[in-house]
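Reading the structure
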Amino acid sequence: MKKNILALLSLCVAIVLSLSACGTAEETTSEGNSSNEGEEQKTLRVVTNATYAPMEYLDKGEVVGFDVDLIKAVAEEAGYELTIEHIGWDPIFVETESKRADLAMAAITINDERKQTFDFSVPYFQSTNKILVPNDSEIESAEDLKGKIVAVQNGTTGQAAMDALVGKNHKDVKKFEDNNLAIMEMESGGAAAVVADNAVVEEYAKNNPNKNLKVIEDTSFDSEFYGILFPKGSELVEEFNTALNTLFDNGKYTEIYKKWFGIEPNIEFLKEQQQ
Amino acid sequence: MIQIQNLKKSFGDNEVLKDINLNIAPQEVVVVIGPSGSGKSTLLRCINLLESITDGHIHIEGKDITDKKNNINKMRQEVGMVFQHFNLFPHKTVIENLMMAPTKVRKVSPEVARNKGLELLKKVGLEEKANAYPSSLSGGQKQRVAIARALAMEPKIMLFDEPTSALDPEVVGEVLEVMKQLAKEGMTMVVVTHEMGFAREVGDRVIFMDGGYVVEANVPKELFENPQHERTQAFLSKIL
Amino acid sequence: MDFRFDIIAEYAPFLLKGTLLTIGLSIAGILIGTVLGLLIGLGKMMKNKLLAFPFTLYITFFRGTPLFVQILLVHFGVVPLFLGETNAIYAAIIALSLNSAAYIAEIFRAGIESIDKGQMEAARSLGMTHVQAMWNVILPQAFKRMIPPLGNEFIVLIKESSLAAVITAPEIMYWGRAMAGQYYKVWEPYLTAALIYLVLTISLSFLLNRLERRLKTE
């Protein structure tokens, strides 16, 4: 009996050690990338928050989505290998700021606040916050959200849009870890609406027709643009911008966009934003 | 008062009482002696149903206590028990120890219970300790309180399970004195003890138990001076 | 690294409200958990194994699954089932109470079993029923011994109530996360939250120590 326990214990220790060894191995490669400029193909560490279908989400444990296909194509164009890791929303910014991640691809809105701490690629996606409500809801516009409980994802532009509407840290705005929890809250009757990026709410409404949800657009919500997030001063920004523009021009971007959204992207409008 | 018929008690495969038959008359003081493991404490605990009975019957005042129809809690109110280790309630004062059962079980008013309790404490010589906690008492004082606590329920029978075995020798006397007084007042008592002096002086009858049987029962003088059974002789020769 | 005290100041009123809610959640959890825990602990101690089984099952479930899972189950499952809508504070109180009840049940069982068998026998020999003996003799003594582990459970609850942030119960961690989400800062929100929890748990253990000492001298 005692021997068995000892064997089990040593097995546990072995597993933990080998796992942590993997972790360190990965870290050293990514650190190597950012510090020295080698000629050989480098593996970049891309971090994301894979709870944001269809932009990025986990499919049987694998991170997939529009962002994933796009960043892979861009990296290929720029001549890099990638490892993509789902680490959650807030950690993205911590890991990227500390350069433990080379870049982050997670439907991240380009804004001035973030630009203070990070560098962004040129915009690669246009997004608007939209309102997701039950079919029978009387809410018709952003204005109707005042006085109602609204669920958002903590730290997103959906939250920012609500902050702009009702004031910062208003008690009617419930901030969840991710949009799925926010939508569940609404379905369970704890919120009247969810405000989130159009890609997310439209995908959700489309995939769950039996839940009788509708998406409301309100022009008072500003349009936003997603960019690839880099640590401040990253040398990758230029290379990735060039690669992204190549994909805009050679039809590869359109192909990926149509695969995920089924419609033509407005590439000209995106490119106008670069000026 | 107590009739025990064909009483058997087993703990698992271990048969501790193997066919006990015993009648105890009102006001009789029966002293049970015997080597340890002879079953004498178990016998006492069976009379109070602290141990369930494997087989046989015990009648107290004509009522079969093994009959499930009879309320065991009612029975126990008539039978007081004093334990080797006192088992006072340490979170209650002495007087509260005495008042608890009368007020909770007999629904006596607190004032009546208090007066009765003080009277009993006076009887055992501890009225000045009424408001002390048990932890501040000596062993002999604790056991006297325990006797008073049992008497507070006004039982008709008192069972003593080695009441002096856990005491320092110098305080044994004060406890025995209280028990003698009780016997004199006509209480029916069953006492398991090693105090042969007490058995001789106070007992109306002495019962010698060994191996789960009542080996011999007689008046003290006869049993001590003229034991019939060789096991009784062997036991007495060792302790006297 | 520049540490921004200004954002802590900005969030101070929210963190204060959050602290009050954290205290409220844990007090509600420990009180309801104690009542439930007593019943479940006594239930588990029943001699009839069949009757005791549901209580054993309850304890096994709530001690064997993460509180995090229980909170989500209660918030999105149990509460909407009864109220027709979610309520983060109710859900947090329910989940914390149910969870702590399982642990407190075991504390009660251990406390009761630590009381000398002779106490129950003495009480029963005086004609008290099992319930009377339990209530008047065993539990008051057991309760004294249970105060240190109950205090520990209280401290655990204060810390674990932070999980209620995930269902947006606006306690300390919820505002800490809101602050982190707004400014993309780590040290300011989480160190502040950690400090608040530390103040709460240290004050509580101080009070508990004093209570223990008082009870000991009694």
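Note: the structure precedes this text.
The following paragraphs examine the structure supplied in this document. (Residues numbered from 1 in each chain as written. Chains lettered and ligands numbered in written order. Predicted model: local features only at pLDDT ≥ 70, side-chain atom pairs only at ≥ 80, totals over all residues. Heavy atoms only, no water.)

**Observations concerning the packing of aromatic side chains**
Taken as a whole and assessed by the stated rule, the structure comprises 25 aromatic pairs over all chains. Both rings, one in Phe208(B) and one in Phe235(B), keep their centres 5.1 Å apart while their planes meet at 35°; by these two values the pair is tilted. One end of the pair, Phe208(B), is in strand β9 (residues 205-210); the other, Phe235(B), is in helix α9 (residues 230-239), and 27 residues separate them in sequence. Among the residues examined, Phe208(B) registers a relative accessible area of 0% and is labelled buried. Phe235(B) gets classed as buried once you look at its relative accessible area, which sits at 11%. One aromatic cluster is present, built from ring pairs that chain together Phe66(A), Tyr124(A), Phe125(A), Tyr226(A), Phe248(A), Tyr253(A), Tyr257(A) and Phe261(A). (Phe/Tyr/Trp six-rings, centres within 6.5 Å; stacked < 30°, edge-to-face > 60°. Helix = DSSP H or I, 4+ residues; strand = E, 2+ residues; numbered from the N terminus. Buried < 20%, exposed > 50% of the residue type's maximum accessible area, 1.4 Å probe, protein only.)

**Things to note about the nonpolar core**
If you look at the biggest cluster of nonpolar residues, it comprises 108 residues, and the most contacted ones within it are Leu132(A), Ile2(B), Ile4(B), Leu7(B), Ile58(B) and Met128(C). If one sorts the elements of this core by residue count, helix α6 (residues 130-160) of chain C sits on top with 12 residues. Not counting residues up to four positions away in its chain, the partners in contact with Ile4(B) are Ile20(B), Asn21(B), Leu22(B), Asn23(B), Leu43(B), Ile47(B), His57(B) and Ile58(B). Counting residues in hydrophobic clusters, the runner-up holds 50 residues, among them Ile33(B), Ile95(B), Met187(B) and Phe235(B). (Core = buried A, V, L, I, M, F, W, Y, C linked by side-chain atoms within 4.5 Å. Contact = heavy atoms within 4.5 Å.)

**Points about the interface of chain C and chain B**
Residue-level contacts link 18 residues of chain C with 23 residues of chain B. Note on chain C versus chain B: buried area summed over both sides is about 1700 Å², and carbon and sulfur give 58% of it. On the chain C side of the interface with chain B, the three residues burying the most area are Glu121(C), Ser125(C) and Leu126(C), jointly 34% of the side's total. One can count one salt bridge joining chain C with chain B. As a salt-bridge pair, Arg45(B) and Glu121(C) come within 2.4 Å of each other at their nearest N and O atoms. Here chain C is connected to chain B by six residue pairs in polar contact (both at pLDDT 80 or more). Taken together, the elements giving at least two residues each to the side of chain C that touches chain B come down to α5 (117-125) and α6 of chain C. With eight residues, α5(C) is the largest single contributor of residues to the side of chain C that touches chain B. Of the residues that constitute the side of chain C that touches chain B, the class distribution is six nonpolar, eight polar and four charged. (Buried area = accessible area lost by both parts, 1.4 Å probe. Salt bridge = Lys/Arg side-chain N within 4 Å of Asp/Glu carboxyl O. Polar contact = N/O pair within 3.5 Å; in protein donor to acceptor, adjacent residues only side chain to side chain. Nonpolar A, V, L, I, M, F, W, Y, C, P; charged D, E, K, R; others polar.)

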